[in-house]
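Structural features, examined
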Amino acid sequence: MKITVVGAGAVGATCADNIARRELAEEVVLLDIKDGLSEGKALDMLQASTLLDCDVKITGSSNNYELTANSDVVVITSGIPRKPGMTREDLIGTNANIVKGVTENILKHSPDAIFVIISNPMDTMTYLALKSSGLPKNRIIGLGGILDSARFKTYLSLALKCSPNDLQGVVIGGHGDTTMIPLTRLATYSGVPVSHFLDAETLQKVAADTMVGGATLTKLIGTSAWYAPGAAGAALVESIVRDQKRVIPCCVYLEGEYGQSDICLGVPVVIGRNGWERIVDFELNDEEQAAFNKSADAVRNMNDILKTL
Ligand code: LMR
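What you see is a predicted model; the values in this text were computed from it and never measured.

Basis of the calculations
- Residues numbered from 1 in each chain as written.
- Predicted model: local features only at pLDDT ≥ 70, side-chain atom pairs only at ≥ 80, totals over all residues.
- Heavy atoms only, no water.
- UniProt positions renumbered as here; feature names shortened; annotations may be inferred.
- Helix = DSSP H or I, 4+ residues; strand = E, 2+ residues; numbered from the N terminus.
- Expected span 1.5 Å × (residues − 1).
- Buried < 20%, exposed > 50% of the residue type's maximum accessible area, 1.4 Å probe, protein only.
- Salt bridge = Lys/Arg side-chain N within 4 Å of Asp/Glu carboxyl O.
- Axes fitted to C-alpha atoms, helices over the stretch in contact; angles between N-to-C directions.
- Parallel < 35°, antiparallel > 145°, perpendicular 65-115°, else oblique.
- Left-handed = near helix turned anticlockwise from the far one by under 90°.
- Contact = heavy atoms within 4.5 Å.
- Near = heavy atom within 4 Å.
- Polar contact = N/O pair within 3.5 Å; in protein donor to acceptor, adjacent residues only side chain to side chain.
- Areas by Shrake-Rupley, 256 points an atom, 1.4 Å probe, with all protein chains shown as cover.
- Nonpolar A, V, L, I, M, F, W, Y, C, P; charged D, E, K, R; others polar.

Time to look at the UniProt feature "domain: Lactate/malate dehydrogenase N-terminal" (unreviewed entry) in the protein. Those residues carrying the UniProt feature "domain: Lactate/malate dehydrogenase N-terminal" (unreviewed entry) are residues 1–142 in this numbering. The straight-line gap between the two end C-alpha atoms of residues 1–142 is 21 Å; of that span, 41% is helix and 20% is strand.

Structure below.
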């Protein structure tokens, strides 16, 4: 198994590091446009691996796509991160061309790869990667819901004063401050609806904190987050390469599912060796469906901007 991570910034490097530590592949390639950056980080990880009991070949590549040849999975994190006060959508002008170029270059050398898109605005970058590559829809997966759900479970566990491991919580919709939908109705604590333990006001605050989870970190750090995004990327890759068939909320191409078509948006999907294999219908109630439709409208407006770039 060979995995390439494109972009050796904080998210890409953290993702590659998590992938290597979990030994998800025999070979991990970290590629970046900036001379020396990926080689340096890859060498650092290789040295760390001698202390971590993991045995993975980690290679850095300064924009040499030949080194990525025959990758099974490619994670794209390229582009600029947001700064405090910005939305993810503000990045579209810069990141669209970068993601399109990276996808084309990767495909020349790894025509069978499964793509995981992390670059923002993620829903639109996933749609762009799908449309510009012409790949089958199951091979393009946008990372948003698994990260947003991790934040949802974090805030739920803080409110409940419990272990996040006893929680189930899913966020669907877009990966934007106003477009994501934490499904509070379906969240459970050891199988019991969380509404049994938390009042409506607390649940509303958990949902609101989740939605601005990334923005809160951006404000605190001065740039966007990397530990949770990198770990989320590795968890998604793990379900692919180990064919775990986990149900993970991911951004995938919809053709009528959840009432939407010709859009990439976050829904629960089964993730395995072939990429995303099947969409799971959570049977939204009217309020949740209305929120999903509103989220789709906002993402579709963003996708329309692609035509003007
Ligand atoms: C995140 O959610 O951490 C990423 O999408 C980065 C960001 O801008 O918030």
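Before going further, it helps to examine helix H8 (residues 227–241). The end-to-end C-alpha separation of H8 is 21 Å, in line with the 21 Å expected for 15 residues at 1.5 Å each. Of all 15 residues making up H8, 12 are buried, and the element is well covered by its neighbours. Every buried residue of H8 is listed here: Pro229, Gly230, Ala232, Gly233, Ala234, Ala235, Leu236, Val237, Glu238, Ser239, Ile240 and Val241. Within two residues after H8, Asp243 carries a phi angle of roughly 50°, on the positive side.

Let us now look at the pattern of salt bridges. In this structure the tally under the stated criterion is 15 salt bridges. For the salt bridge of Asp262 with Lys131, the shortest nitrogen-to-oxygen distance reads 3.2 Å. You can see Asp262 sitting in strand S13 (residues 261–272) and its partner Lys131 sitting in helix H4 (residues 122–133), a full 131 residues away along the chain. The exposure class of Asp262 is partly exposed, given its relative accessible area of 35%. Residue Lys131 is classed as partly exposed on the basis of its relative accessible area, which comes to 45%. The salt bridge involving Lys245 is made with Asp243; its shortest N-O contact spans 2.8 Å.

For the rest of this paragraph, the subject is the packing of helix H3 (residues 92–109) against H4. When two helices pack together, their arrangement is given by the angle between the helix axes and by the axis-to-axis distance. Closest axis-to-axis distance for the H3/H4 pair is 10 Å, and the angle between their directions is 40°. One element, H3, and the other, H4, form an angle in the oblique class. In the crossing of H3 with H4, the sense of the turn from one axis to the other is right-handed. Residues Ile92, Asn95, Ala96, Val99, Lys100, Thr103 and Leu107 of H3 touch H4, and the partners they reach there are Thr124, Met125, Leu128, Ala129, Ser132 and Ser133.

Surveying the vicinity of the ligand reveals the residues Arg82, Arg88, Asn120, Leu147, Arg151, His175, Gly214, Ser224, Ala225 and Pro229. Note that an oxygen atom of the ligand is positioned 2.5 Å from one of the side-chain N or O atoms of Arg82. Between the ligand and the protein, one listed contact pairs an oxygen atom with a side-chain N or O atom of His175 at 2.7 Å. Burial of the ligand by the surrounding chains reaches 95%, relative to a free accessible area of 260 Å². Class assignment of the residues belonging to the shell around the ligand gives a composition of three nonpolar, four polar and three charged.

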